[in-house]
Amino acid sequence: MRVEVVLAWPDRYQLQQLELPEGCTVADAVAEAALDGAVAAAMAVHGVLARPQQLLRDGDRVELLRPLLADPKENRRRRARGGD
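Residues numbered from 1 in each chain as written. Predicted model: local features only at pLDDT ≥ 70, side-chain atom pairs only at ≥ 80, totals over all residues. Heavy atoms only, no water.

Trainee: Go over the sheet that holds strand S5 (residues 61-65), please, and point to the residues and values.
Mentor: Spatial ordering of the open sheet is given by S2-S1-S5-S3-S4, a layout of five strands whose pairing is mixed. Every interior strand has two partners, whereas the edge strands, strand S2 (13-19) and strand S4 (48-50), have only one. The mean angle between the axes of side-by-side strands here comes to 30 degrees, regardless of whether they run parallel or antiparallel. As paired elements, strand S1 (residues 2-8) and S2 share seven bridges and run antiparallel to each other. Bridge assignment links Glu4 to a residue of S2, and that residue is Gln17. (Pairing = 2+ DSSP bridges. Helix = DSSP H or I, 4+ residues; strand = E, 2+ residues; numbered from the N terminus. Axes fitted to C-alpha atoms, helices over the stretch in contact; angles between N-to-C directions.)

The following block contains the structure:
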């Protein structure tokens with residue numbers, strides 16, 4: 001089966017297309033992709049959070065999610081107080 005693994009930054013991205021056997025998991029695909037600097041806070045398949053043991057299907061796109069730089073709730077509170 002064909003699977004893509006993607007890691008994106010604001011100014012660039014890495015994409016690895018893989019040919020994997022049936023029965024592979026998200027963790028298998030990430031390990032096989034071996035992307036540089038692949039420190040992921042979480043993983044998603046087609047934009048939906050996924051566990052490492054989730055089975056993949058042909059055509060799936062695994063996205064490595066970076067940690068948030070700012071807490072969205074705190075940003076909203078600051079804007080509401082007039083801090084931005």
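Now that the structure is up, let's keep going.
Trainee: I'd like a rundown of the nonpolar core, residues and numbers included.
Mentor: Grouped together as the largest cluster of nonpolar side chains are 17 residues, with contacts concentrated most on Val3, Val5, Val26, Ala29, Leu56 and Val62. When contributions to this core are tallied by element, the ones reaching two or more residues are S1, helix H1 (26-33), strand S3 (42-45) and S5. (Core = buried A, V, L, I, M, F, W, Y, C linked by side-chain atoms within 4.5 Å. Buried < 20%, exposed > 50% of the residue type's maximum accessible area, 1.4 Å probe, protein only.)

Trainee: Please set out the side chain of Gln14 residue by residue, giving values where relevant.
Mentor: The topology assignment puts Gln14 in strand S2. Those residues in contact with Gln14 that sit more than four places away from it in its chain are Val5, Val6, Leu7, Trp9, Leu35 and Asp36. (Contact = heavy atoms within 4.5 Å.)

Trainee: Explain the pattern of salt bridges to me, and be specific about the residues and the numbers.
Mentor: Scanning the model with the defined rule gives five salt bridges in all. Linking Glu19 and Arg2 is a salt bridge whose minimum nitrogen-to-oxygen distance equals 3.4 Å. Here Glu19 is found in strand S2, whereas its partner Arg2 is found in strand S1, with 17 residues between them in sequence. Several salt bridges share partner residues, and in doing so they unite Glu4, Arg61 and Glu63 into one network. (Salt bridge = Lys/Arg side-chain N within 4 Å of Asp/Glu carboxyl O.)

Trainee: Run through the side chain of Glu63, naming residues and quoting values.
Mentor: With respect to the element layout, Glu63 can be found in strand S5. You can call Glu63 buried: its relative accessible area is 17%. Side-chain polar atoms of Glu63 contact the backbone nitrogen of Gly47, separated by 2.9 Å. (Polar contact = N/O pair within 3.5 Å; in protein donor to acceptor, adjacent residues only side chain to side chain.)

Trainee: Which residues make up unusual backbone geometry, and what are the values?
Mentor: Within the chain, Ala34 stands out as a residue other than glycine whose phi angle is a positive 45 degrees. By the secondary structure assignment, Ala34 is in the loop between H1 and S3.

Trainee: Outline the pairing of S5, listing residues and values.
Mentor: By the bridge criterion, four bridges tie S1 to S5 in an arrangement that is parallel. If you follow Glu4 over to S5, its bridge partner there is Arg61. Examined bridge by bridge, S3 and S5 share four bridges and lie antiparallel to one another. The residue bridging Met43 from the neighbouring strand is Leu64, located in S5.

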